[in-house]
Amino acid sequence: MPLAYKIAPSILSADFARLGEEVRNVENAGADLIHFDVMDGHFVPNLSFGIPVLEAVRKITALPLDVHLMIDDPQRYLEQFVKAGANSISVHAEVCQDIPLIAHHMHELGIRACVAINPETEPSRVLDAAHHLDMILVMSVHPGFGGQGFIPESIGKLEAIRRELKGKGLELDLEIDGGIKVDNIRQVAQGGANVFVSGSGIFGHNDYAEIIRRMRGQLKALEQEDKP
Ligand code: DX5
Ligand code: ZN
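Residues numbered from 1 in each chain as written. Chains lettered and ligands numbered in written order. Predicted model: local features only at pLDDT ≥ 70, side-chain atom pairs only at ≥ 80, totals over all residues. Heavy atoms only, no water.

Caption draft 1: Quick peek at the site of ligand 1. Taken together, 20 residues surround ligand 1, and among them Asp-37, Gly-144, Asp-177, Gly-199 and Ser-200 come closest. Within the contact set of ligand 1, an oxygen atom lies 2.7 Å away from a side-chain nitrogen or oxygen of Asp-37. Separating an oxygen atom of ligand 1 from a backbone N or O atom of Gly-144 is a distance of 2.7 Å. In the complex, the protein chains occlude 100% of the 380 Å² of accessible area that ligand 1 would expose alone. Listing elements by their share of the shell around ligand 1, those giving two or more residues are strand S2 (34-39), strand S3 (65-70) and strand S8 (195-198). With three residues, the single largest contributor to the shell around ligand 1 is S2. Classifying every residue of the shell around ligand 1 by side-chain character gives seven nonpolar, 11 polar and two charged. (Near = heavy atom within 4 Å. Polar contact = N/O pair within 3.5 Å; in protein donor to acceptor, adjacent residues only side chain to side chain. Areas by Shrake-Rupley, 256 points an atom, 1.4 Å probe, with all protein chains shown as cover. Helix = DSSP H or I, 4+ residues; strand = E, 2+ residues; numbered from the N terminus. Nonpolar A, V, L, I, M, F, W, Y, C, P; charged D, E, K, R; others polar.)

And the structure:
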């Protein structure tokens, strides 16, 4: 069974004054996950939102909440994010001493375990621990801000990771985050990504359903092309 394609709007680009409505709108528009970016002003040079906001979002959507922790010492907060409603959590490899240990902790808490890597981080650290994980997140921008341009080298990185995973007989979700739009989603899917985070690429438009439909259209076209 091929891995399912999943579209994950990042609410970092939503209108925070109308956050509930924005989440419902992307849910109705066909989103598969809600991507929730947490920033601490240390690991990344920006602050966003945290546990109380996640709790509020949990109450108004049935979609899985995909929490991306761009914070130092993520292990310290795992339990609180799970209690607040996270279904999967990504911690950054750059701030994790022991990836198998933190993945084990996430599984004990009943969520999917994911590790993220920055554009300058070599995939080897996360690949060595891949059999402990449910998903690997590849950053295709420098984390901290929405609306940045996609780093083209990310495609080669995705290809290398997908190849290594295949070599290990592992079929993990591979999530790509940063600068994903209708016009590059097909290329990143071809590179091996199957979970697509998009902030400004979705919330920057008026008609979310139309954008998500167009993204799925691109993925469908790739599937057709790949059929023998
Ligand atoms: C960046 C965040 C991303 C961000 C993506 O640090 O991790 O999830 O919201 O936004 P776009 O899609 O606008 O690059
Ligand atoms: Zn993110």
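Caption draft 2: A look at the coordination of the zinc ion (ligand 2). Within the first shell, the zinc ion (ligand 2) binds the protein through His-35 (NE2), Asp-37 (OD), His-68 (ND1) and Asp-177 (OD), at distances of 2.0 to 2.3 Å. With six donor atoms in place around the zinc ion (ligand 2) and angles of 70 to 173° between them, the coordination shape is octahedral. For the zinc ion (ligand 2), all donor residues lie on one chain, and their spacing in sequence is H-x1-D-x30-H-x108-D. Note that Asp-37 is positioned in strand S2 and His-68 in strand S3, a separation of 31 residues in sequence. Comparing Asp-37 with His-68, the two get one shared label, buried. (Donors = N, O, S within 2.8 Å, 3.2 Å for Na, K, Ca; no water. Tetrahedral: all angles 85-135°; square planar, octahedral: opposite > 155°, others 65-115°. Buried < 20%, exposed > 50% of the residue type's maximum accessible area, 1.4 Å probe, protein only.)

Caption draft 3: Region of the structure containing the packing of aromatic side chains. Enumeration according to the criterion identifies four aromatic pairs in this entry. Ring centres 5.2 Å apart and planes at 70° place the aromatic pair Phe-203 and Tyr-208 in the edge-to-face group. For Phe-203, a relative accessible area of 9% translates into the label buried. Here a set of aromatic residues connected by ring pairs shows up, and it is made of Phe-16, Phe-36 and Phe-49. (Phe/Tyr/Trp six-rings, centres within 6.5 Å; stacked < 30°, edge-to-face > 60°.)

Caption draft 4: Structural view of the nonpolar core. Membership of the largest hydrophobic core comes to 67 residues, with the highest contact counts inside it found for Ile-11, Ile-89 and Ile-136. Per-element tally for this core: the top contributor is helix H9 (residues 208-226), with six residues. Ignoring any residue separated from it by four or fewer positions in sequence, one finds Ile-136 in contact with Cys-114, Val-115, Val-126, Leu-127, Ile-161, Leu-165, Leu-172, Asp-173, Leu-174 and Glu-175. With 10 residues, the next largest nonpolar core counts Leu-33, Cys-114, Val-141 and Val-195 among its residues. (Core = buried A, V, L, I, M, F, W, Y, C linked by side-chain atoms within 4.5 Å. Contact = heavy atoms within 4.5 Å.)

Caption draft 5: Molecular detail of the pairing of strand S7 (residues 173-177). With five of five residues buried, S7 is to be regarded as a mostly interior element. Going residue by residue along S7, you find Asp-173, Glu-175 and Asp-177 tucked away on one face and Leu-174 and Ile-176 tucked away on the opposite face as well. Relative to S7, strand S6 (residues 135-139) is paired through five bridges, and the arrangement is parallel. Pairing of Leu-137 across the sheet is with Glu-175, part of S7. Crossover S6 to S7 through helix H6 (residues 154-167) is right-handed. Pairing analysis gives three bridges linking S7 to S8, with the strands arranged parallel. By the bridge assignment, Glu-175 is partnered in S8 with Val-195. (Pairing = 2+ DSSP bridges. Right-handed = clockwise from strand over helix to strand, strands pointing away.)

Caption draft 6: Looking closely at empty space enclosed by the protein. Here the structure, examined in full by the defined rule, presents one cavity of 30 Å³ or more. Estimated volume of the largest cavity: approximately 200 Å³. Contributing to the lining of the largest cavity are 25 residues, with Phe-145, Gly-146, Gly-147, Asp-177 and Gly-178 lying nearest its centre. Where the lining of the largest cavity is concerned, the elements lending two or more residues are S2, S3, S8 and helix H8 (200-203). Taken together, the residues that form the lining of the largest cavity break down as nine nonpolar, 13 polar and three charged. (1 Å grid on protein atoms, 1.4 Å probe; cavity = no way out; pocket = protein on both sides within 12 Å on 5 of 7 lines; lining within 4 Å. Points joined across faces, edges and corners; volume = space filled by probe spheres on them.)

Caption draft 7: The side chain of His-92, seen in detail. Counting through the fold element by element, His-92 comes out in strand S4 (residues 88-92). Side-chain polar atoms of His-92 contact the side chain of His-68, separated by 2.9 Å. Within the structure, His-92 has its side chain in polar contact with the side chain of Glu-94 (distance 2.8 Å). Setting aside its immediate chain neighbours within four residues, His-92 contacts Phe-43, His-68, Leu-69, Met-70, Val-115, Ala-116, Ile-117, Asn-118 and Met-139.

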